[in-house]
Amino acid sequence: MMCDFLFSLVCTGEIFELKAELNSDKKEKKKEAVKKVIASMTVGKDVSALFPDVVNCMQTDNLELKKLVYLYLMNYAKSQPDMAIMAVNTFVKDCEDPNPLIRALAVRTMGCIRVDKITEYLCEPLRKCLKDEDPYVRKTAAVCVAKLHDINAQLVEDQGFLDTLKDLISDSNPMVVANAVAALSEIAESHPNSNLLDLNPQTINKLLTALNECTEWGQIFILDCLANYTPRDDRESQSICERVTPRLSHANSAVVLSAVKVLMKFMEMLPKDLDYYGTLLKKLAPPLVTLLSAEPELQYVALRNINLIVQRRPEILKHEMKVFFVKYNDPIYVKLEKLDIMIRLASQANIAQVLAELKEYATEVDVDFVRKAVRAIGRCAIKVEQSAERCVSTLLDLIQTKVNYVVQEAIVVIKDIFRKYPNKYESVIATLCENLDSLDEPEARAAMIWIVGEYAERIDNADELLESFLEGFHDESTQVQLQLLTAIVKLFLKKPTETQELVQQVLSLATQDSDNPDLRDRGYIYWRLLSTDPVAAKEVVLAEKPLISEETDLIEPTLLEELICHIGTLASVYHKPPSAFVEGSRGVQHKRLPGSAGSGESVESPDTGSAAGVSEAPPAVIPSQGDLLGDLLNLDLTPPTTTGPPPPASSGMQMGAMDLLGGGLDSLVGLLNTLPHQSPSPPDYSPTEVGPGDHAGLVKMGTGFGAPPAAMPASFNVPVSGGLDDLFDLGGGVGMPMGVFNPPKTVWLPAMKAKGLEISGTFVRRAGVIQMEMTLTNKAMSVMTDFAIQFNRNSFGLAPAGPLQVLTPLSPNQSIEAALPLSTVGPVMKMEPLNNLQVAVKNNIDVFYFSCQYPISMLFAEDGKMERQVFLATWKDIPNDNESQFQIKDCHLNSDAASNKLQGSNIFTIAKRTVEGQDMLYQSMKLTNGIWVLAELRVQAGNPNYTVKETTVCCANYCNKCQN
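Analysis parameters
Residues numbered from 1 in each chain as written. Predicted model: local features only at pLDDT ≥ 70, side-chain atom pairs only at ≥ 80, totals over all residues. Heavy atoms only, no water. UniProt positions renumbered as here; feature names shortened; annotations may be inferred. Salt bridge = Lys/Arg side-chain N within 4 Å of Asp/Glu carboxyl O. Helix = DSSP H or I, 4+ residues; strand = E, 2+ residues; numbered from the N terminus. Buried < 20%, exposed > 50% of the residue type's maximum accessible area, 1.4 Å probe, protein only. Contact = heavy atoms within 4.5 Å. Polar contact = N/O pair within 3.5 Å; in protein donor to acceptor, adjacent residues only side chain to side chain. Core = buried A, V, L, I, M, F, W, Y, C linked by side-chain atoms within 4.5 Å. Pairing = 2+ DSSP bridges. Axes fitted to C-alpha atoms, helices over the stretch in contact; angles between N-to-C directions. Phe/Tyr/Trp six-rings, centres within 6.5 Å; stacked < 30°, edge-to-face > 60°. Parallel < 35°, antiparallel > 145°, perpendicular 65-115°, else oblique. Left-handed = near helix turned anticlockwise from the far one by under 90°. Nonpolar A, V, L, I, M, F, W, Y, C, P; charged D, E, K, R; others polar. Arc of directions from axis to C-beta.

Under the annotation held in an unreviewed UniProt entry, the protein chain carries the name AP complex subunit beta and is attributed to Sander lucioperca. The UniProt entry for the protein chain carries the following text under Subcellular location (unreviewed entry): "Endomembrane system".

As C-alpha cells, this is what we get:
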C-alpha cells in the first residue's frame, strides 16, 4: 500500500512538471515536454490528465511538434471525446495550411480519431482535401474516406464521398489512383452487395496505366482489384495478362504473388492451343522459383501458394523439381511443405530422382521429417504405377536399417501399397513378419494385423501371430482392437476348422468384456453374421477390397478455385476460405475462377500418360475406409437382377392392400397437396439394427432427416404449391403434349459434397415406365468410371430396373446423360416425406449418398380409369375423414382443356356435369401400389381458381366392389 501511495505521488509530481512545461512560452521546452508525454504514453502510463494542455500545443508552425500532438490526440480522443472537440477548429485550420504535409497530416489524424461526436465536423475539411491540388493530400484523403466509412457509413454516403472516390480512379497521379482503389475495395468488402467498384474496360485501362508508376503497395492494391474483374473474352484476357506479366520480376514478393493471382485467374479464359498460353506458363515458373531463395518465413508462404498452383496447373513447375529438394538447414515447416509439393510433381519422368532424394531424407535425424519422407515413398508408389516396384524395394531397404520408427512407418505404407496393387508384392510379407515384435505404435500394429488377416492363407502361422496380439487385447488402442477383431474373423472364414476357438475368444472379448460401443457393435454384427449365414459373412468380410485413391489429399475443386482467387492472402496460407476464419460480415464472399475457354479439356498432369490411361477392367471401388467398417456399412451396389421393364401395375395390387402409410391413407392426401419444390437435405445414413430378414443390405438405414414440411390444412381457401398445380404447368416445369408434366432437372448431389461429381436430374414417365433422367458432370481433375446406383427402401418400392448405363469414362469437365428405368417392386418402408428417395451412387473414387423427391404423378398408372358405376358406389361409401379440399390458383384453362391435360398424366375424367354455370369433373387415378385416388374438380367459367376435393381408397375396397 505504501509503495502504491509513493508511486502515485511521484506520478502526480511528474504530471505537474509536464503541465508546467507544456504551458511554457519557449517552443523548445514545449517540444521536449510533448516528447516526454509521448514517451510516458508509449510505456503505458496514463497521461490523459494532460489532454487540454497538449491540445493547446497544436497551434504551432513546427511540423515535428504538430505530429507529436496529433499522435497524442489519436490515442486519447476516444477516452476524452468531449475535450477532443476542442481540436476541431485546429483541424479545419490545418486543412487549409499552405504546407501540403500539414494538410495531409490533419486529414490523416481526422480519420484516425474514431469519435462519433466530431465526425460531422470533419466532412467539410475532408471534402476540400479530396479535391486538393497536391496529390499527396488527395491520396491521404482517399484513405481517410475508408476510415470514416468504418465509423459512420451513412454519413459517408450522404456526403457523396463515395462518388468522389470513384472520380479519383481517373486521377492523373498513380498513387492517388492506388489509394482510391484500396479505399473502395475496403468499403466494398464490408458491403458485398454494393457495386462500388464498377469495373469496365475503360477503368481497367486506367488501372493498368497507373500500375507501372505507383509504389509497390499501390501495385498490390491495383492487382488485387484487377483480380476481381472478369474479362469479356479471351482477347481482353490476353491483353491484361501481357500488361501484368512485367510485375512478375518485381523485388517485392507480395507484388509477385498478386500478379500470379491475376494471371492464374485470367489464364482460365485463354484457349490452351494458343501460343501465348504456353509462353505464359513458362513465364510463371521463374518468379515462383525465385521466391524460394528468400528467408524461411517467406519461403513457407510461397510454398503454401505454390501448393495451390501445382494442384490447379502442375505443368507450370513440372520441370522445376530440383528447387523443391530439401536443404539441410531448412526449418521443419519448410521441409514438410517442400516434401508435399515434390509428391504432387512426381511423374514417371522424374520418379528415380525423387526416390533417391526421399531415401536420403529417411536417414535424417528429425523424426517427424523421416516419417513424412517414408510416407512420401508410399504415395509415389500409389501415384506412379511404374515406380511401385522400385518404391517397395526402397521401403524394404529402409526396414533393414532396423530403425524403429522407420520400420513402423514403412509397414503402414506397404499396407496401402497392398491395397493399391493386390496380389503383386506379397512376397515381402515374410520380411514384415520378422519385425512384428518391434511394433509399438497403434497405426503400425493395426497395419500389420490387417496384412496378416488379409493374407492369412499365405502365412503358415497366421493364427499364432494374431493370438500373440490377442493376449493384451484390452491394453491395445481402439484402432488395433477393431483391426484385430476383423483379422481374426477373416482368418476363421479362411481356416474355419483350425481357428474356431480363436474367433470365439475374440468375439467374447469384443462383445462382453469391452466398454467401447464401436467394438461391441462390430463384434455383434460379426457374431450375428457367422451364426445365421456363414456364406453371407464370407461374401461380406472377404469381399474384394477397394482401391485407394491416388491423391487422397487434394483440395476439393470448388474450394481450390476459391483459394486460387485468394493467392497472396492468409486464405492461401491456411488453405481455408476467408469465411472460415474471418469474423463478421467481411471476407464471406465466395470467389470463383471464370469459365475456361476449353471447358471440355482437363487440367494436365505432370505424368499425362499415366493420368489419361484407364484400365480395361477396373475393379469395383467401395468406400475407402482402411478396415472392414467401410465394407459392413456399404450398400450392395451390384446391378439388380431385374433387367427387363417394370412389371405391369396390376402386380402391385396385393402390396396396395396393406396400409403402407402408417397412420392411414390421409398421409397420401397430404402428400398430394404439399409436394415441396425445394431440394431435400442430404440423408444421414446411420446403422440401426441388423437382422437376417433385411434385404436392403446388411444394415438397415435410418432416415436421418430434419422435420418434414408442415402438412397443409385441408381448408378450402389454402393454395397448394408443388402438387396438382404442377400438372397444369403452374410450377415452372416443362409442358409436354397432352398435358404430361415433367419437372425440370435440379441439382441432387453438388460437386462440393461428392469429390467433384455433380448429379442433377428429374423423374419422367414414358409408355408406362418410370425413368430417372440424370446429368452426371465431372468437376474433378481425374477420370471417373465404374458407375453403379442403388436405392434405399422407400414408400412405393421404387428400385432400379437395370444397371446405371455410363458406357464411357467421364473425363474432367465432361457431362454425360443417363436414363435409369425404375420398377416399383422393391422393398417398402415409409419415408418422411412419403415421396422421399435415398440414393447411393458409386464410382471409382468413392460411394456418395443423396436424397431427392419424386413427383407423385410419376406413380399414376395408365389403367387408372375407374368404371362409372364403381366410381359412383365407391365415392358414396368413402368416409368424410378421407376427404381433402384445396384450391389451385391462376389456372387459365377451361374444363375440357384441363381434363385433356390431366389425362396426359394418367388422371382420368369419369364424368362431367354442370351445376349453376360451374363445371364439375369427377376423376380417378391409381398409384402403382394399387391405391386409388378419386377427385372432384370444380371449374367456374372466368375464374382462374379451381377447387379440388379428393379422397383415397385402398385397392382392396375397389376389388370387393368389383366382386359384388
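Attention now moves to the pattern of salt bridges. Counted by the stated rule, this structure contains 32 salt bridges. Glu-758 is the salt-bridge partner of Lys-779, the closest N and O atoms lying 3.0 Å from each other. Taken together, the residues Lys-779 in the loop between β5 (769–778) and β6 (788–791) and Glu-758 in strand β4 (residues 757–766) connect sequence positions 21 residues apart. The partner of Asp-863 in a salt bridge is Lys-926, and the shortest N-O contact between them spans 3.0 Å. Taken together, the positions of Asp-863 in the loop between β10 (847–853) and α38 (868–877) and Lys-926 in strand β13 (residues 918–926) put the pair 63 residues apart, joining distant regions of the chain. Assessed through its relative accessible area of 39%, Asp-863 is described here as partly exposed. Here the salt bridges share partners, and the residues they tie into one network are Arg-371, Arg-375, Glu-409, Glu-441 and Glu-443.

What follows is about the environment of Glu-454. Turning to its location among the elements, Glu-454 is positioned in helix α26 (residues 442–454). Residues Glu-454 and Leu-491, spaced 37 residues apart in sequence, show a C-alpha to C-alpha distance of 8.1 Å. Apart from the residues lying within four places of it in its own chain, the contact partners of Glu-454 are Lys-490, Lys-494 and Lys-545.

Right, let's talk about the side chain of Thr-762 for a bit. The residue Thr-762 is located in strand β4 in this model. Residue class for Thr-762 comes out buried when judged on its relative accessible area of 7%. From its side chain, Thr-762 meets the backbone oxygen of Pro-743 in a polar contact 2.7 Å long. With residues up to four places along the chain from it excluded, the contact list for Thr-762 reads Pro-743, Pro-744, Lys-745, Trp-748, Gln-771, Met-772 and Glu-773.

In this fold, Cys-112 is placed in helix α7 (residues 100–112). Distance from Cys-112 to Met-74, taken between C-alpha atoms, is 6.0 Å for residues 38 residues apart in sequence.

Of all hydrophobic cores here, the largest spans 209 residues; its most connected members are Tyr-72, Phe-91, Leu-126, Leu-207, Leu-358 and Phe-418. Once you skip the residues sitting within four places of it in the chain, Leu-358 turns out to touch Leu-339, Met-342, Ile-343, Ala-373, Ala-376, Ile-377 and Cys-380.

Turning our eyes to something else, we now look at the pairing of strand β9 (residues 836–842). Among the seven residues that make up β9, seven are buried, leaving the element largely enclosed by the rest of the structure. Burial along β9 is two-sided: the face carrying Asn-836, Gln-838, Ala-840 and Lys-842 and the face carrying Leu-837, Val-839 and Val-841 are both buried. Two strands pair when backbone bridges link them, and β6 and β9 are joined in this way by four bridges, in the antiparallel orientation. In the sheet register, Ile-789 faces β9, and the bridge partner there is Val-841. Both β9 and β10 contribute to a ladder of seven bridges, which runs antiparallel. The residue bridging Asn-836 from the neighbouring strand is Gln-853, located in β10.

The strand order across the open sheet formed by three strands is β6-β9-β10, and the pairing between neighbours is antiparallel. Strands with a single pairing partner mark the edges of an open sheet, and in this sheet they are β6 and β10. Pairwise comparison of adjacent strand axes, ignoring direction, gives a mean angle of 25° for this sheet.

Next up on the list: the packing of aromatic side chains. Two aromatic rings are characterised by how far apart their centres lie and by the angle between their planes. Here the structure, examined in full by the defined rule, presents 11 aromatic pairs. An angle of 90° between the planes, with centres 5.5 Å apart, marks the rings of Tyr-300 and Tyr-333 as edge-to-face. Remark: Tyr-333 occurs in helix α20 (residues 332–345) and Tyr-300 occurs in helix α19 (residues 296–312); sequence separation between them is 33 residues. Here Phe-418 and Tyr-455 contribute two aromatic rings whose centre-to-centre distance is 5.4 Å and whose plane-to-plane angle is 75°, an arrangement assigned as edge-to-face. Here Phe-418 is found in helix α24 (residues 404–420), whereas its partner Tyr-455 is found in the loop between α26 and α27 (462–470), with 37 residues between them in sequence. With relative accessibility at 4%, the residue Tyr-455 sits in the buried group. By way of ring pairs, the aromatic residues Trp-748, Phe-763, Phe-796, Phe-850 and Tyr-854 are connected into one cluster.

Now for unusual backbone geometry. With an omega of -5°, the peptide bond between Glu-832 and Pro-833 qualifies as cis. Even without glycine at this site, Lys-755 takes up a positive phi of about 55°. Turning to its location among the elements, Lys-755 is positioned in the loop between β3 (746–749) and β4. Relative accessible area serves as the criterion here: at 41%, Lys-755 is assigned to the partly exposed category.

Strands sit in the order β3-β4-β5-β8-β7 across an open sheet of five strands; the sheet is antiparallel. Only two strands of the sheet have a single neighbouring strand rather than two, namely β3 and β7 (799–800). Pairing of β3 with β4 involves three bridges; the strand directions are antiparallel. Residue pairing across strands places Val-747 opposite Ser-760, the latter belonging to β4.

Before going further, it helps to spend a moment on the packing of helix α21 (residues 351–361) against helix α22 (residues 367–383). Between α21 and α22, whose axes approach to 8 Å, the crossing angle comes to 155°. Classified by the angle between their axes, α21 and α22 sit roughly antiparallel to one another. As α21 packs across α22, the resulting crossing turns out to be left-handed. When α21 is examined against α22, the residues Ile-351, Val-354, Leu-355, Leu-358 and Tyr-361 are found in contact with a partner set consisting of Phe-369, Val-370, Ala-373, Ala-376, Ile-377 and Cys-380. Its residues assigned to classes, the contact of α21 with α22 comprises 11 nonpolar, no polar and no charged.

On to the pairing of strand β12 (residues 908–915). Pairing analysis gives seven bridges linking β12 to β13, with the strands arranged antiparallel. Bridged to Phe-908 within β13 is Ser-924. Here β12 folds back onto β13, and the loop between the two strands holds two residues, one of which, Glu-916, carries a positive phi near 50°.

A few words on helix α16 (residues 234–244). Three or more residues of α16 are buried, namely Glu-236, Ser-237, Ile-240, Cys-241 and Val-244. One face of α16 carries all of its buried residues, which in axial projection span an arc of 135°. On its buried face, α16 sits against α14 (201–211), α15 (216–226), α17 (253–266) and α18 (275–291). Looking at where α16 begins, the residue whose side-chain oxygen comes 3.2 Å from the main-chain nitrogen of Arg-235 is Asp-233.

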